[in-house]
Amino acid sequence: MSNALTKEAYKLVGYSEDNPRIAAYLASNGYDINPTKTAWCAAFVGAVLNACGYEGTHKLNARSYLNWGIHVPINEARVGDIVILKRGILPWQGHIGFKVAGLGDDNSVDLLGGNQDNMVCDKLYPKSMILGVRREGK
């Protein structure tokens, strides 16, 4: 799973949320939203999953993935696993992306995701923000 997901997601690296290609990609994979007006990190993860033949949560909140697939202990996370982060001050707020690096001796994780600086890119987040790691499976 991991190589296919990150390979698919990397196809869109560098595209900002105001680029029509992002809205078209999301729409073609079941998320008919305007990414300049709607938080789209979970939609991006869901669209990538869909493009690779997996079923996401079909929800726009990152925390909806906390019960998706199978739980993975943080120290066993692999490239391509879905990482859910806490974000903001409200309990429903969060962020989500695909692990591409990190979780070693340093205190950060590198996530590939959408709506990171309003675009698709890699970005480092502190490990302390991690709420859960999930992998496709039952």
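Residues numbered from 1 in each chain as written. Predicted model: local features only at pLDDT ≥ 70, side-chain atom pairs only at ≥ 80, totals over all residues. Heavy atoms only, no water.

A. Main features of the overall build of the protein chain. In terms of regular secondary structure, the protein chain is built from three helices and six strands. In summary, the protein chain has a C-alpha radius of gyration of 13 Å against a globular reference of 14 Å for 138 residues, a match within 12%. Principal axes of the C-alpha set define a box for the protein chain whose edges measure 40 × 30 × 25 Å. Counting over 138 residues, the protein chain shows a buried share of 46%. Surface summary for the protein chain: the accessible area is close to 6800 Å², and the carbon and sulfur share equals 50%. The protein chain carries 15 positive and 13 negative side-chain charges, and their two centres are separated by 4 Å. (Helix = DSSP H or I, 4+ residues; strand = E, 2+ residues; numbered from the N terminus. Rg over C-alpha atoms; globule rule 2.2 N^0.38 Å. Buried < 20%, exposed > 50% of the residue type's maximum accessible area, 1.4 Å probe, protein only. Areas by Shrake-Rupley, 256 points an atom, 1.4 Å probe, with all protein chains shown as cover. Lys, Arg positive; Asp, Glu negative; His and termini not counted. Charge placed at Lys NZ, Arg CZ, Asp CG, Glu CD.)

B. Structural detail: the pairing of strand 6 (residues 130-135). Of all six residues that make up strand 6, five are buried, and the element is covered over most of its length. Where strand 1 (residues 70-71) lies against strand 6, two bridges are found, and the strand directions are antiparallel. Looking across to strand 6, one finds that H71 is bridged to R134. When strand 2 (residues 82-86) meets strand 6, the two strands line up antiparallel, connected through four bridges. Directly across from I84, in strand 6, lies its bridge partner G132. (Pairing = 2+ DSSP bridges.)

C. The nonpolar core, seen in detail. Formed by 27 residues in total, the largest nonpolar core has its most connected members in L26, W40, F44, Y65, I82 and I96. Broken down by secondary-structure element, the contributors of at least two residues to this core are helix 1 (2-10), helix 2 (20-28), helix 3 (41-51), strand 2 and strand 3 (94-102). Leaving out residues up to four positions away in the same chain, L26 has contacts with Y31, I33, P35, W40, A43, F44 and A47. Formed by ten residues, the second largest nonpolar core is a distinct cluster that contains A77, L85, M129 and V133. (Core = buried A, V, L, I, M, F, W, Y, C linked by side-chain atoms within 4.5 Å. Contact = heavy atoms within 4.5 Å.)

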